[in-house]
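Structural description and commentary
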Amino acid sequence: MAKKKRGHAGQGGRSAKILVLKPQTVPAGFVCSFEGCGRREYSGGLCQSHHRQSRAGQALIPVHPYHKRPEPTVKFSGMRLSPRCAERLEREARTKHLSNGALICEILELWCESHPEPEPAATHGERPSGPNRPKQG
Ligand SMILES: [Zn+2]
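A brief structural summary. (Residues numbered from 1 in each chain as written. Predicted model: local features only at pLDDT ≥ 70, side-chain atom pairs only at ≥ 80, totals over all residues.)

Moving on, we get to the overall build of the chain. Assigned secondary structure in the chain consists of three helices and two strands. Start at the N end of the chain and walk to the C end: the helices and strands fall as α-β-β-α-α. Here the chain holds 137 residues, and the buried ones make up 5% of them. For the chain, restricting intrachain contacts to residue pairs at least 6 apart in sequence, the fraction spanning at least 24 positions comes to 10%. (Helix = DSSP H or I, 4+ residues; strand = E, 2+ residues; numbered from the N terminus. Buried ≥ 20, exposed ≤ 12 C-beta atoms within 10 Å, placed from the backbone. Contact = placed C-beta atoms within 7 Å.)

Right, dumping it as C-alpha cells:
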C-alpha cells in the first residue's frame, strides 16, 4: 500500500502579475495617410478604421464623412430643434402656462387627432381556394 503523496500546496511567493497596459503613444505628426482623414496612425500608415478597411480588401472610404448641419440646433425638452422652432414652442408654453413637455404632449395629441390612422388595408379580400368547401348532402 502506497500512501498517496499530497501535492504540496505551494504558498506562492510570487504575487499575481500585474499587467500594465501602456497607452499607445503615437508621436504627433503620424496621421492616417488617407486623404482628409486626419486620424492618428494605427498601422501601416493608416488609422485603425482605414487599416481595417484595407485588411478587409475594401476600397478605402472616408470613415466619418462630415455632415454639415444646415442650422445649429438647441435642446428643447430632450430634443434637438431649430432655434426658431424651440423659441416658438417656449413662447407657446409660457402663454399657456404649460411646461415644455406638456406642450409637446398637447401638440402631439393634436397631431394625432388631425392625422387619423388610415384604415388597415384589407389583406383577406381574396378567399383562399382551399379545402374549405361546404359539405354537400
Ligand atoms: Zn484614416
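In a regular helix each residue adds 1.5 Å, so 15 residues correspond to 21 Å; helix H3 (residues 100-114) covers 21 Å between its end C-alpha atoms and thus fits that length. Within H3, only one of the 15 residues are buried, which leaves the element largely exposed. (Expected span 1.5 Å × (residues − 1).)

Our next topic: the environment of Ile-104. With respect to the helices and strands, Ile-104 occurs in helix H3. Counting along the chain gives 27 residues from Ile-104 to Ser-77, while the straight-line C-alpha distance between them is 8.5 Å.

Tracing the sequence through the fold places Ser-77 in the loop between strand S1 (74-76) and strand S2 (79-81). Residues Ser-77 and Leu-103 lie 26 residues apart in sequence; the distance between their C-alpha atoms is 9.9 Å.

Positive phi, normally seen in glycine, also occurs at Ser-77, with a value near 50°. Judged by the 16 C-beta atoms lying within 10 Å of it, Ser-77 is partly exposed. Within the chain, His-97 stands out as a residue other than glycine whose phi angle is a positive 55°.

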